[in-house]
Amino acid sequence: MTTPRESDLSALLEPGLYIVATPIGNLGDITLRAIDTLRRCAVIACEDTRVTGRLLAHLGIETRMQRYDDHASDAARARLLERAAQEPVALVSDAGTPLISDPGYRLVREARDSVVAVTSIPGACAAITGLTLSGLPNDRFLFAGFLPAKDKARRDALAELASVPATLVFYETGPRLVRSLEALAELWPDRDVAVARELTKLHEECRTGAAADLAAHYSERPAKGEIVLLVAPPWPAAPDEDPDALLREALGELPVSKAAARVSKATGLDRQTLYARAVAIKEELKRS
Ligand code: SAM
(Lines give C-alpha, C1' and ligand atoms only; values in the text may rest on other atoms or scores of the structure.)
Protein backbone atom coordinates (compact mmCIF):
# COMPACT_ATOMS: atom_id res chain seq x y z
CA MET A 1 0.00 0.00 0.00
CA THR A 2 1.36 3.43 -0.85
CA THR A 3 1.27 6.34 1.56
CA PRO A 4 0.44 9.57 -0.27
CA ARG A 5 2.71 12.55 0.38
CA GLU A 6 1.08 15.44 2.24
CA SER A 7 0.82 17.49 -1.00
CA ASP A 8 -0.95 14.62 -2.83
CA LEU A 9 -3.77 14.59 -0.31
CA SER A 10 -5.33 17.76 -1.67
CA ALA A 11 -4.48 17.22 -5.36
CA LEU A 12 -7.30 16.44 -7.75
CA LEU A 13 -7.66 12.78 -8.68
CA GLU A 14 -7.05 11.50 -12.20
CA PRO A 15 -9.86 12.36 -14.65
CA GLY A 16 -12.74 9.89 -14.74
CA LEU A 17 -16.11 9.04 -13.26
CA TYR A 18 -16.05 8.04 -9.58
CA ILE A 19 -19.16 6.23 -8.28
CA VAL A 20 -19.22 7.00 -4.56
CA ALA A 21 -21.46 5.26 -2.00
CA THR A 22 -22.73 7.49 0.82
CA PRO A 23 -24.51 6.60 4.12
CA ILE A 24 -28.09 5.24 4.23
CA GLY A 25 -28.80 6.87 7.58
CA ASN A 26 -25.94 6.85 10.03
CA LEU A 27 -23.50 9.50 8.81
CA GLY A 28 -20.58 7.46 10.15
CA ASP A 29 -21.15 4.88 7.40
CA ILE A 30 -18.88 6.37 4.76
CA THR A 31 -15.42 5.11 3.90
CA LEU A 32 -12.18 7.05 4.16
CA ARG A 33 -11.71 6.53 0.44
CA ALA A 34 -15.17 7.92 -0.32
CA ILE A 35 -14.42 11.06 1.71
CA ASP A 36 -11.06 11.47 0.02
CA THR A 37 -12.64 11.01 -3.41
CA LEU A 38 -15.42 13.54 -2.77
CA ARG A 39 -12.81 16.03 -1.58
CA ARG A 40 -10.50 15.51 -4.56
CA CYS A 41 -13.03 15.56 -7.40
CA ALA A 42 -13.62 18.71 -9.44
CA VAL A 43 -17.38 18.31 -9.24
CA ILE A 44 -19.94 16.03 -7.57
CA ALA A 45 -22.94 15.02 -9.69
CA CYS A 46 -25.86 14.41 -7.33
CA GLU A 47 -29.63 13.90 -7.34
CA ASP A 48 -30.41 16.70 -4.92
CA THR A 49 -27.88 19.38 -4.03
CA ARG A 50 -29.61 20.05 -0.67
CA VAL A 51 -29.33 16.40 0.44
CA THR A 52 -25.73 16.00 -0.71
CA GLY A 53 -24.92 19.51 0.53
CA ARG A 54 -25.83 18.44 4.08
CA LEU A 55 -23.47 15.45 3.86
CA LEU A 56 -20.66 17.59 2.45
CA ALA A 57 -21.15 20.20 5.19
CA HIS A 58 -20.96 17.44 7.80
CA LEU A 59 -17.71 16.21 6.25
CA GLY A 60 -16.26 19.70 5.76
CA ILE A 61 -15.98 19.20 1.98
CA GLU A 62 -16.36 22.17 -0.34
CA THR A 63 -16.37 20.48 -3.76
CA ARG A 64 -18.87 21.99 -6.17
CA MET A 65 -22.10 20.09 -6.85
CA GLN A 66 -24.08 19.66 -10.05
CA ARG A 67 -27.54 18.10 -10.37
CA TYR A 68 -27.74 14.84 -12.27
CA ASP A 69 -30.49 12.24 -12.34
CA ASP A 70 -32.11 9.79 -14.72
CA HIS A 71 -34.22 12.55 -16.25
CA ALA A 72 -31.14 14.43 -17.47
CA SER A 73 -31.13 14.98 -21.22
CA ASP A 74 -28.78 13.11 -23.53
CA ALA A 75 -26.95 16.39 -24.07
CA ALA A 76 -26.50 16.95 -20.31
CA ARG A 77 -25.15 13.43 -19.92
CA ALA A 78 -22.76 13.92 -22.83
CA ARG A 79 -21.49 17.18 -21.25
CA LEU A 80 -20.90 15.43 -17.92
CA LEU A 81 -18.99 12.65 -19.68
CA GLU A 82 -16.89 15.18 -21.61
CA ARG A 83 -16.05 16.75 -18.30
CA ALA A 84 -15.16 13.38 -16.74
CA ALA A 85 -12.76 12.79 -19.64
CA GLN A 86 -10.83 15.88 -18.55
CA GLU A 87 -11.24 16.02 -14.77
CA PRO A 88 -12.47 13.84 -11.90
CA VAL A 89 -16.27 13.74 -11.54
CA ALA A 90 -17.95 12.01 -8.59
CA LEU A 91 -21.43 10.51 -8.85
CA VAL A 92 -23.48 10.15 -5.66
CA SER A 93 -27.16 9.53 -4.99
CA ASP A 94 -29.21 10.83 -2.06
CA ALA A 95 -28.21 7.80 0.00
CA GLY A 96 -26.39 4.50 -0.40
CA THR A 97 -24.85 3.08 -3.54
CA PRO A 98 -25.56 4.98 -6.78
CA LEU A 99 -27.30 2.95 -9.53
CA ILE A 100 -28.95 0.57 -7.03
CA SER A 101 -32.57 1.73 -7.55
CA ASP A 102 -30.94 5.11 -8.10
CA PRO A 103 -29.67 7.17 -11.06
CA GLY A 104 -26.44 6.45 -12.89
CA TYR A 105 -26.90 3.39 -15.10
CA ARG A 106 -26.91 5.23 -18.42
CA LEU A 107 -24.05 7.47 -17.35
CA VAL A 108 -21.85 4.50 -16.41
CA ARG A 109 -22.88 2.55 -19.49
CA GLU A 110 -21.92 5.42 -21.77
CA ALA A 111 -18.72 6.13 -19.83
CA ARG A 112 -17.67 2.50 -20.33
CA ASP A 113 -18.36 2.81 -24.05
CA SER A 114 -16.12 5.88 -24.19
CA VAL A 115 -12.61 6.81 -23.04
CA VAL A 116 -13.81 7.81 -19.56
CA ALA A 117 -12.33 5.69 -16.77
CA VAL A 118 -14.89 4.45 -14.23
CA THR A 119 -14.06 3.72 -10.59
CA SER A 120 -16.54 2.49 -7.98
CA ILE A 121 -15.98 3.34 -4.31
CA PRO A 122 -18.07 0.80 -2.37
CA GLY A 123 -20.03 1.46 0.79
CA ALA A 124 -23.49 1.37 2.32
CA CYS A 125 -26.37 -0.29 0.47
CA ALA A 126 -29.76 -0.91 2.11
CA ALA A 127 -30.36 -4.20 0.24
CA ILE A 128 -27.14 -5.74 1.54
CA THR A 129 -27.58 -4.31 5.03
CA GLY A 130 -31.12 -5.74 5.21
CA LEU A 131 -29.98 -9.10 3.86
CA THR A 132 -27.21 -9.46 6.42
CA LEU A 133 -29.51 -8.44 9.27
CA SER A 134 -32.53 -10.56 8.33
CA GLY A 135 -31.25 -14.02 9.23
CA LEU A 136 -32.62 -15.30 5.92
CA PRO A 137 -30.36 -17.44 3.69
CA ASN A 138 -27.84 -15.21 1.98
CA ASP A 139 -25.72 -17.53 -0.14
CA ARG A 140 -28.00 -16.73 -3.08
CA PHE A 141 -30.19 -13.68 -3.33
CA LEU A 142 -32.03 -11.77 -6.01
CA PHE A 143 -32.42 -8.02 -5.68
CA ALA A 144 -35.60 -6.95 -7.44
CA GLY A 145 -35.86 -3.23 -6.60
CA PHE A 146 -39.30 -1.78 -5.86
CA LEU A 147 -42.43 -3.90 -6.41
CA PRO A 148 -45.11 -2.28 -8.59
CA ALA A 149 -47.65 -0.17 -6.69
CA LYS A 150 -50.80 -1.64 -8.29
CA ASP A 151 -52.15 -4.92 -6.86
CA LYS A 152 -52.30 -6.90 -10.09
CA ALA A 153 -48.90 -5.75 -11.33
CA ARG A 154 -47.42 -6.55 -7.91
CA ARG A 155 -48.95 -10.05 -7.91
CA ASP A 156 -47.68 -10.65 -11.46
CA ALA A 157 -44.19 -9.47 -10.52
CA LEU A 158 -44.15 -11.79 -7.50
CA ALA A 159 -45.52 -14.73 -9.50
CA GLU A 160 -42.67 -14.31 -11.96
CA LEU A 161 -40.20 -14.79 -9.10
CA ALA A 162 -42.05 -17.69 -7.43
CA SER A 163 -39.59 -20.44 -8.28
CA VAL A 164 -36.35 -18.51 -7.95
CA PRO A 165 -34.27 -20.56 -5.49
CA ALA A 166 -32.86 -17.55 -3.69
CA THR A 167 -33.81 -15.01 -1.05
CA LEU A 168 -35.72 -12.18 -2.72
CA VAL A 169 -34.84 -8.62 -1.73
CA PHE A 170 -37.16 -5.68 -2.46
CA TYR A 171 -37.22 -2.02 -1.61
CA GLU A 172 -40.54 -0.97 -0.10
CA THR A 173 -42.30 2.08 1.28
CA GLY A 174 -44.36 2.40 4.48
CA PRO A 175 -47.70 3.14 2.77
CA ARG A 176 -47.40 0.06 0.52
CA LEU A 177 -45.91 -2.40 3.00
CA VAL A 178 -49.13 -4.03 4.25
CA ARG A 179 -50.50 -4.57 0.72
CA SER A 180 -47.24 -6.22 -0.28
CA LEU A 181 -47.24 -8.43 2.82
CA GLU A 182 -50.85 -9.43 2.12
CA ALA A 183 -49.89 -10.38 -1.43
CA LEU A 184 -46.97 -12.44 -0.08
CA ALA A 185 -49.25 -14.12 2.49
CA GLU A 186 -51.64 -15.13 -0.26
CA LEU A 187 -48.97 -16.42 -2.63
CA TRP A 188 -46.42 -17.94 -0.24
CA PRO A 189 -47.93 -18.46 3.22
CA ASP A 190 -45.07 -20.77 4.29
CA ARG A 191 -42.07 -18.69 3.33
CA ASP A 192 -40.27 -16.64 5.96
CA VAL A 193 -40.42 -12.91 5.36
CA ALA A 194 -38.34 -10.11 6.91
CA VAL A 195 -39.10 -6.43 7.21
CA ALA A 196 -35.89 -4.44 7.80
CA ARG A 197 -36.73 -0.83 8.57
CA GLU A 198 -34.79 2.39 9.19
CA LEU A 199 -31.47 0.59 8.85
CA THR A 200 -28.49 2.20 10.60
CA LYS A 201 -30.81 4.82 12.12
CA LEU A 202 -32.08 5.41 15.65
CA HIS A 203 -35.26 3.38 15.16
CA GLU A 204 -33.74 0.48 13.24
CA GLU A 205 -35.96 -2.60 13.36
CA CYS A 206 -35.92 -6.04 11.76
CA ARG A 207 -38.88 -8.44 12.10
CA THR A 208 -38.96 -11.91 10.62
CA GLY A 209 -41.96 -14.23 10.39
CA ALA A 210 -44.86 -15.35 8.23
CA ALA A 211 -46.14 -12.65 5.86
CA ALA A 212 -49.66 -12.89 7.34
CA ASP A 213 -48.37 -12.19 10.88
CA LEU A 214 -46.26 -9.29 9.68
CA ALA A 215 -49.22 -7.88 7.71
CA ALA A 216 -51.35 -8.03 10.88
CA HIS A 217 -48.57 -6.37 12.91
CA TYR A 218 -48.03 -3.50 10.47
CA SER A 219 -51.78 -2.98 9.95
CA GLU A 220 -51.99 -2.15 13.63
CA ARG A 221 -48.74 -0.19 13.78
CA PRO A 222 -48.16 1.40 10.36
CA ALA A 223 -44.50 1.26 9.41
CA LYS A 224 -42.71 4.58 9.12
CA GLY A 225 -39.49 5.31 7.30
CA GLU A 226 -37.49 3.31 4.80
CA ILE A 227 -37.92 -0.42 4.32
CA VAL A 228 -36.22 -3.47 2.83
CA LEU A 229 -38.56 -6.42 2.38
CA LEU A 230 -37.05 -9.89 2.08
CA VAL A 231 -38.55 -13.31 1.30
CA ALA A 232 -36.84 -16.65 2.01
CA PRO A 233 -36.36 -19.09 -0.88
CA PRO A 234 -39.03 -21.69 -1.65
CA TRP A 235 -38.82 -25.31 -0.62
CA PRO A 236 -39.59 -27.79 -3.42
CA ALA A 237 -43.15 -29.02 -3.73
CA ALA A 238 -42.32 -32.36 -5.33
CA PRO A 239 -42.38 -35.23 -2.80
CA ASP A 240 -39.47 -36.95 -4.55
CA GLU A 241 -37.37 -33.94 -3.68
CA ASP A 242 -37.98 -34.21 0.06
CA PRO A 243 -34.81 -32.47 1.28
CA ASP A 244 -34.75 -34.33 4.61
CA ALA A 245 -34.76 -37.70 2.86
CA LEU A 246 -32.00 -36.57 0.50
CA LEU A 247 -29.97 -35.23 3.43
CA ARG A 248 -30.35 -38.50 5.40
CA GLU A 249 -29.12 -40.42 2.40
CA ALA A 250 -26.16 -38.08 1.85
CA LEU A 251 -25.24 -38.10 5.55
CA GLY A 252 -24.83 -41.87 5.28
CA GLU A 253 -21.63 -41.30 3.35
CA LEU A 254 -20.59 -37.65 3.69
CA PRO A 255 -19.81 -35.11 6.44
CA VAL A 256 -22.47 -32.47 7.13
CA SER A 257 -21.14 -29.66 4.93
CA LYS A 258 -20.55 -31.96 1.94
CA ALA A 259 -23.99 -33.56 2.39
CA ALA A 260 -25.60 -30.10 2.41
CA ALA A 261 -23.59 -29.09 -0.66
CA ARG A 262 -24.62 -32.23 -2.56
CA VAL A 263 -28.33 -31.79 -1.78
CA SER A 264 -28.10 -28.09 -2.57
CA LYS A 265 -26.61 -28.89 -5.95
CA ALA A 266 -29.23 -31.55 -6.65
CA THR A 267 -32.26 -29.50 -5.60
CA GLY A 268 -31.23 -25.88 -6.08
CA LEU A 269 -32.12 -25.29 -2.42
CA ASP A 270 -30.22 -22.92 -0.20
CA ARG A 271 -27.01 -24.49 1.08
CA GLN A 272 -26.99 -22.72 4.44
CA THR A 273 -30.55 -23.79 5.22
CA LEU A 274 -29.70 -27.36 4.24
CA TYR A 275 -26.56 -27.24 6.37
CA ALA A 276 -28.60 -26.22 9.45
CA ARG A 277 -31.10 -28.99 8.69
CA ALA A 278 -28.28 -31.53 8.17
CA VAL A 279 -26.80 -30.67 11.58
CA ALA A 280 -30.23 -31.25 13.20
CA ILE A 281 -30.72 -34.57 11.37
CA LYS A 282 -27.25 -35.72 12.39
CA GLU A 283 -28.12 -34.99 16.02
CA GLU A 284 -31.39 -36.94 15.67
CA LEU A 285 -29.51 -39.86 14.12
CA LYS A 286 -26.97 -39.83 16.97
CA ARG A 287 -29.74 -39.93 19.59
CA SER A 288 -31.73 -42.71 17.89
N1 SAM B 1 -29.19 3.34 -3.62
C2 SAM B 1 -29.79 3.08 -2.33
C3 SAM B 1 -29.05 1.91 -1.68
O4 SAM B 1 -27.90 1.66 -2.01
O5 SAM B 1 -29.61 1.27 -0.79
C6 SAM B 1 -31.28 2.82 -2.46
C7 SAM B 1 -32.02 3.99 -3.03
S8 SAM B 1 -33.73 3.71 -3.25
C9 SAM B 1 -34.21 5.17 -4.13
C10 SAM B 1 -34.39 4.07 -1.66
C11 SAM B 1 -34.98 2.84 -1.02
O12 SAM B 1 -33.94 2.07 -0.42
C13 SAM B 1 -35.92 3.15 0.15
O14 SAM B 1 -37.23 3.39 -0.32
C15 SAM B 1 -35.86 1.88 0.95
O16 SAM B 1 -36.65 0.87 0.38
C17 SAM B 1 -34.38 1.52 0.79
N18 SAM B 1 -33.60 2.13 1.86
C19 SAM B 1 -32.74 3.16 1.77
N20 SAM B 1 -32.22 3.45 2.99
C21 SAM B 1 -32.77 2.59 3.86
C22 SAM B 1 -32.66 2.38 5.26
N23 SAM B 1 -31.86 3.15 6.00
N24 SAM B 1 -33.38 1.39 5.83
C25 SAM B 1 -34.17 0.60 5.08
N26 SAM B 1 -34.33 0.76 3.75
C27 SAM B 1 -33.64 1.73 3.16
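> Teacher, can you tell me more about the pairing of strand β7 (residues 167-173) here?
As a general feature of sheets, a regular strand has side chains that alternate between the two faces. The element β7 is extensively covered by neighbouring structure, given that six of its seven residues are classed as buried. Pairing of strand β6 (residues 141-146) with β7 involves four bridges; the strand directions are parallel. What sits directly across from phenylalanine 146, in β7, is tyrosine 171. Pairing of β7 with strand β10 (residues 226-231), which is carried by six bridges, proceeds in the antiparallel orientation. Directly across from leucine 168, in β10, lies its bridge partner valine 231.

> Sorry if this is basic, but what is going on with the sheet that holds β7 here?
By way of backbone hydrogen bonds, the strands of a sheet pair with one another, either parallel or antiparallel. Strand order in the open sheet formed by five strands is β6-β7-β10-β8-β9, with mixed pairing between adjacent strands. If you trace the sheet from one side to the other, it starts and ends with β6 and β9 (205-210), each paired once. Within the sheet, the average angular offset between the axes of one strand and its neighbour, ignoring direction, is 20 degrees. Against the sheet, helix α7 (residues 174-187) engages β7, β8 (192-197) and β10, with an angle of about 145 degrees to β7.

> What is the right way to read the packing of aromatic side chains from this model?
One pair of aromatic rings is described through two measures. These are the centre distance and the angle between the planes. Applying the stated rule across the entire model yields two aromatic pairs. Clustering of aromatic rings is evident, with ring pairs tying together Phe143, Phe146 and Tyr171. Stacked on the ring of tryptophan 188, the Lys or Arg arginine 191 has its end atom at 4.1 Å from the ring centre.

> Teacher, can you tell me more about helix α8 (residues 211-220) here?
Every α-helical turn comprises 3.6 residues, leaving residues that sit three or four positions apart pointing alike. Within α8 the residues assigned to the buried category are Ala211, Leu214, Ala215, His217 and Tyr218. Along α8, the residues classed as buried sweep out an arc of 165 degrees about the axis, all on the same side. Opposite its buried face, α8 presents the exposed residues Asp213 and Glu220, each directed more than 90 degrees away. Residues of α8 that are buried make contact with α7, β8 and β9.

> Would you take a moment to explain the site of the ligand for this structure?
Lining the immediate surroundings of the ligand are 19 residues, of which Ile100, Asp102, Ala126, Tyr171 and Ile227 lie closest. Between the ligand and glutamate 226 there is a distance of 3.3 Å, counted from a nitrogen atom to a side-chain nitrogen or oxygen. When the free accessible area of the ligand is taken as 560 Å², the share hidden by the protein chains comes to 90%. Of the residues forming the shell around the ligand, the biggest block, three residues, is contributed by β10. Per-class residue counts for the shell around the ligand are 11 nonpolar, three polar and five charged. Here the shell around the ligand gathers at least three residues from each of two domains, domain 1 (9-124) and domain 2 (127-231).

> What am I meant to see in helix α2 (residues 49-59) here?
Among all positions in α2, only Thr52, Leu55, Leu56 and Leu59 are buried. Looking straight down α2, one finds its buried side chains confined to an arc of 100 degrees; they lie on one side. Counted as exposed and oriented over 90 degrees from the buried face of α2: Arg50, Arg54 and Ala57. Tucked inside the fold, the buried residues of α2 contact α1 (32-39), β2 (43-46) and β3 (64-67).

> Would you take a moment to explain the side chain of aspartate 270 for this structure?
The topology assignment puts aspartate 270 in the loop between α10 (256-267) and α11 (271-287). It turns out aspartate 270 is buried and unbridged, and the closest side chain with the opposite charge, arginine 140, is 6.5 Å from it. Of note is the side chain of aspartate 270, whose polar atom sits 2.3 Å from the side chain of threonine 273. Leaving out residues up to four positions away in the same chain, aspartate 270 has contacts with Pro137, Asp139, Pro233 and Ser264.

> Whenever I open this one, the nonpolar core confuses me. Can you help?
Nonpolar side chains tend toward joint burial in soluble globular proteins. Leu181 and Leu184 are the most contacted members of the largest nonpolar core, which has 22 residues in total. At the level of secondary structure, the elements contributing two or more residues to this core comprise β7, α7, β8, α8 and β10. It is α7 that contributes the most residues to this core, six residues altogether.

Criteria and cut-off values
Residues numbered from 1 in each chain as written. Predicted model: local features only at pLDDT ≥ 70, side-chain atom pairs only at ≥ 80, totals over all residues. Heavy atoms only, no water. Buried < 20%, exposed > 50% of the residue type's maximum accessible area, 1.4 Å probe, protein only. Helix = DSSP H or I, 4+ residues; strand = E, 2+ residues; numbered from the N terminus. Pairing = 2+ DSSP bridges. Axes fitted to C-alpha atoms, helices over the stretch in contact; angles between N-to-C directions. Contact = heavy atoms within 4.5 Å. Phe/Tyr/Trp six-rings, centres within 6.5 Å; stacked < 30°, edge-to-face > 60°. Lys NZ or Arg CZ within 6 Å of the ring centre and 35° of its normal. Arc of directions from axis to C-beta. Near = heavy atom within 4 Å. Polar contact = N/O pair within 3.5 Å; in protein donor to acceptor, adjacent residues only side chain to side chain. Areas by Shrake-Rupley, 256 points an atom, 1.4 Å probe, with all protein chains shown as cover. Nonpolar A, V, L, I, M, F, W, Y, C, P; charged D, E, K, R; others polar. Domains from an automatic or database assignment. Lys, Arg positive; Asp, Glu negative; His and termini not counted. Salt bridge = Lys/Arg side-chain N within 4 Å of Asp/Glu carboxyl O. Core = buried A, V, L, I, M, F, W, Y, C linked by side-chain atoms within 4.5 Å.

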